[in-house]
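What follows is the residue order along each chain.
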Amino acid sequence: MLPSWRRLEALAVDPPSIPGSFASDPSRPSALTVSASLGATDVLLDLSRQHVDHEVVGALVALADEAGVARVRDAMFAGEHVNATEDRPALHVASRGAEGADAAAVREARASLDAALAFADAVRNGTERAADGSRFQSVVAVGIGGSDLGPRLVHGAFGDGALECRFLSNVDPAAPSAALAGLDPRTTLVVACSKSFGTYETVANVRAVAGWLAAALPDPSRHLVAVTERPERAAGAAGVAFGRTFSMPVWIGGRFSVSSAAGLAAALSTGTDRFRGLLAGMRATDDHFRSAPLSSNLPVLLGLVTVWNRSFLGRGAKAVVPYSDALAGFVPWLQQVSMESNGKRTTADGGTVRTDTAPVVWGGVGTDAQHAFMQMLHQGTSVVPVDFIGVAGRGPGGDALFANLLAQAAALAFGRDGEPHVACPGDRPSTVVALGEWTPAGLGVLMALYEHSTVVEGALWGVNSFDQFGVEMGKRIAGAVLAEIEGTSPRGGSDAATEATLDWYLLHRGSAS
Ligand code: F6P
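All values derive from a computational prediction rather than experimental measurement. (Residues numbered from 1 in each chain as written. Predicted model: local features only at pLDDT ≥ 70, side-chain atom pairs only at ≥ 80, totals over all residues. Heavy atoms only, no water.)

1. A word on the overall build of the protein chain
To keep things clear, this is the line we draw: Secondary structure follows DSSP: runs of H or I at least 4 residues long count as helices, runs of E at least 2 residues long count as strands, and numbering of each begins at the N terminus. In this setup the radius of gyration rests on C-alpha atoms only. A globule is expected at 2.2 Å times the number of residues raised to 0.38. Partly exposed residues are those whose accessible area sits between 20% and 50% of the maximum for their type, while under 20% is buried and over 50% is exposed, using a 1.4 Å probe and protein chains only. By definition, residues are in contact when any of their heavy atoms lie within 4.5 Å. To measure how exposed things are, a 1.4 Å probe is used in the Shrake-Rupley method; for residues, cover is taken only from the protein chains shown. Working convention for charge: Lys and Arg count positive, Asp and Glu count negative, and His plus the chain ends are omitted. One atom stands in for each charge, and that atom is NZ of Lys, CZ of Arg, CG of Asp or CD of Glu.
Per the secondary structure count, the protein chain includes 19 helices and 11 strands. Its C-alpha atoms give the protein chain a radius of gyration of 24 Å, near enough to 24 Å, the size a compact globule of 513 residues would have. Overall, the protein chain is about 75 × 55 × 45 Å in size when its C-alpha atoms are taken along their principal axes. Here the protein chain, with 513 residues, has 54% of them falling under the buried criterion. A sequence separation of at least 24 residues applies to 74% of the contacts in the protein chain between residues at least 6 apart. For the protein chain, the accessible surface area stands at approximately 20500 Å², while carbon and sulfur atoms represent 54% of it. Each charge sign in the protein chain was given a centre, from 40 positive and 52 negative side chains, and these centres are 3 Å apart.

Structure representation (structure tokens):
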């Protein structure tokens, strides 16, 4: 066990009280707040309302040093096969052209991204037109997981409405018609994004939307483009002809792929100037992550505090509450980035982890969260650390939102006395991450900050943050169960629980198409 791990275990026995620490150290706010200018974006990371003090933070930074976080980071940038189980690099930073990223990878990633962005420009400026010569008016983005959540987040934050953009991810029978409602196939472009083109949901939805196009267009291929790492597989898998296919490198993980050609739907929605702004913010954060000392490295500190709360203080969950409607897509995106990366129990070298790993990441937008789940965080029996995300630079109109963010952090930290039903215990931890302005670059900073803090956490837990074997089992079982439902496989092939519930389902299956 690393010396600093042992030290932190000792410190975790009696962690600093938040109210007590503020009472005894007036310099606490400034001492435990780091600010940085990442590109054009000022960022604040305020850890003063966490159960940490100088000693804890010092031991955490020592842990990052002893655990080789910098080595893992540098190996990732250099294109080493940090994704050991799949024997490949993890080079999402290459698509941002980050300093220190493997040069060949940067060239490849940028070439595929530039092709996608050029297409987005052509669609938006009318150079690329629909089959009948009219301009495209709408986009339907088909994809799921990393092929959906990042583009959907960026669209929700900075989509400019020049194109009506819809997102279709689930195999809910109502999903295609909901996504296509009110759209005209003659002016609709479908972007099918699937790194593998082996995802049942995406293939099914591509077929559904292609059928919708074909009903109105003699040759729908001009209205169908694919983004994939498997171009040779795309057309066959979906049973459609794609007019264009954009590649993405195999060494950019799906959940880290928004800054690659997989971000095409986002670029169509926001315009490539804003999308390039997003990339610039990500690039600035990449450079900061690669070069800042561990003790003032924002992704490192954010990751260390997650590990402190999870592995030393035993907090099984982490709430993330962005105070901005534009960040409605942030928590779903982060859930995949964090929990699909670090929700593991096996170390990268095949051993068994000796501590709890990824917390359950959940949350929602503030101030709505205050009217949904914050009650439990104030007076419940579980202590749930919160990452509050705030945006400044919005003028007086942003005051109430930011005031509410600060109020929630204060109430959690300091609580209040009163009769039992009213009293709030306080001493409940939170981090404040604040952006100095709300721009595409600021969103890029925020996304890269959490991408990299996830990698820091994985390095500290010793897991491979870049594979996701845990999701394969469910896919296999679903295929077998569906075959039983559809009658292409005999009943009885599944476990007893599944067979029993299937009996009920088949009685209630109905015939509605
Ligand atoms: O959730 C499993 C997963 O493989 C994710 O890692 C990925 O982002 C998603 O499914 C979609 O995969 P694809 O882009 O290959 O369709």
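2. A few points about the site of the ligand
To be explicit about the condition: If a single non-hydrogen atom of a residue is within 4 Å of a molecule or strand, that residue counts as near it. For the purposes of these results, a polar contact is taken to be a pair of N or O atoms within 3.5 Å, where, inside protein, one atom must be able to donate a hydrogen and its partner to accept one; residues adjacent in sequence count only when each atom of the pair is a side-chain atom. Note on residue categories: nonpolar means Ala, Val, Leu, Ile, Met, Phe, Trp, Tyr, Cys or Pro, charged means Asp, Glu, Lys or Arg, and polar means any other residue, Gly included.
Looking at the ligand, there are 13 residues lining it, with Ser 147, Ser 194, Ser 196, Thr 199 and Glu 340 nearest. For the ligand, an oxygen atom lies 2.7 Å from a polar atom in the backbone of Gly 146. Thr 199 is positioned with one of its side-chain polar atoms (N or O) 2.6 Å from an oxygen atom of the ligand. Relative to its unbound accessible surface of 390 Å², the ligand loses 86% to contact with the protein. Of the residues that constitute the shell around the ligand, the class distribution is 2 nonpolar, 8 polar and 3 charged.

3. Some points on unusual backbone geometry
With omega at 15 degrees, the peptide bond leading from Gly 366 into Thr 367 counts as cis. Notably, Asp 87 is not glycine yet its phi reads approximately 50 degrees, a positive angle. In the Ramachandran plot, Asp 427 falls in the positive-phi region, its phi being about 55 degrees despite a non-glycine side chain. Residue classification places Asp 427 among the partly exposed residues on the basis of a relative accessible area of 27%.

4. Observations concerning the packing of helix α9 (residues 200–214) against helix α10 (residues 231–238)
For clarity, the threshold we go by: In this analysis, axes come from line fits to C-alpha atoms, helices being fitted only over the stretch in contact, and the angle between any two N-to-C directions falls in the range 0 to 180 degrees. Here roughly perpendicular refers to angles of 65 to 115 degrees, roughly parallel to angles under 35, roughly antiparallel to angles over 145, and oblique to all remaining angles.
Viewed as axis vectors pointing N to C, α9 and α10 meet at an angle of 60 degrees, and their least axial separation amounts to 9 Å. By the criterion of interaxial angle, the relationship of α9 to α10 is oblique. Listed contacts from α10 to Val 203, Val 206 and Arg 207 of α9 are Gly 236, Ala 237 and Ala 238. Among the residues forming the contact of α9 with α10, the class breakdown is 4 nonpolar, 1 polar and 1 charged.

5. Here's the deal with the domain arrangement of the protein chain
Using the following cut-off: Domain boundaries shown here were taken from an automatic or database domain assignment.
Annotation of the protein chain at the domain level lists domain 1 (3–66 + 292–461), domain 2 (92–268) and domain 3 (470–512). Each of domain 2 and domain 3 has a C-alpha centre, and these two points are 31 Å apart.

6. Considering the sheet that holds strand β6 (residues 224–228)
Operational definition: DSSP-based pairing: two strands are paired if at least 2 bridges between them are found.
Reading across the sheet, the 5 strands line up as β4-β3-β5-β6-β7 and stay open at both edges, with parallel pairing between neighbours. Single-partner strands in this sheet number two, and they are β4 (164–168) and β7 (244–247). Pairs of neighbouring strands in the sheet enclose a mean axial angle of 20 degrees, with direction left out of account. As defined by bridge partners, strand β3 (residues 138–142) adjoins strand β5 (residues 188–193) across 5 bridges and the pair is classed as parallel. Its bridge partner lying in β5, Ser 138 is registered against Thr 188.

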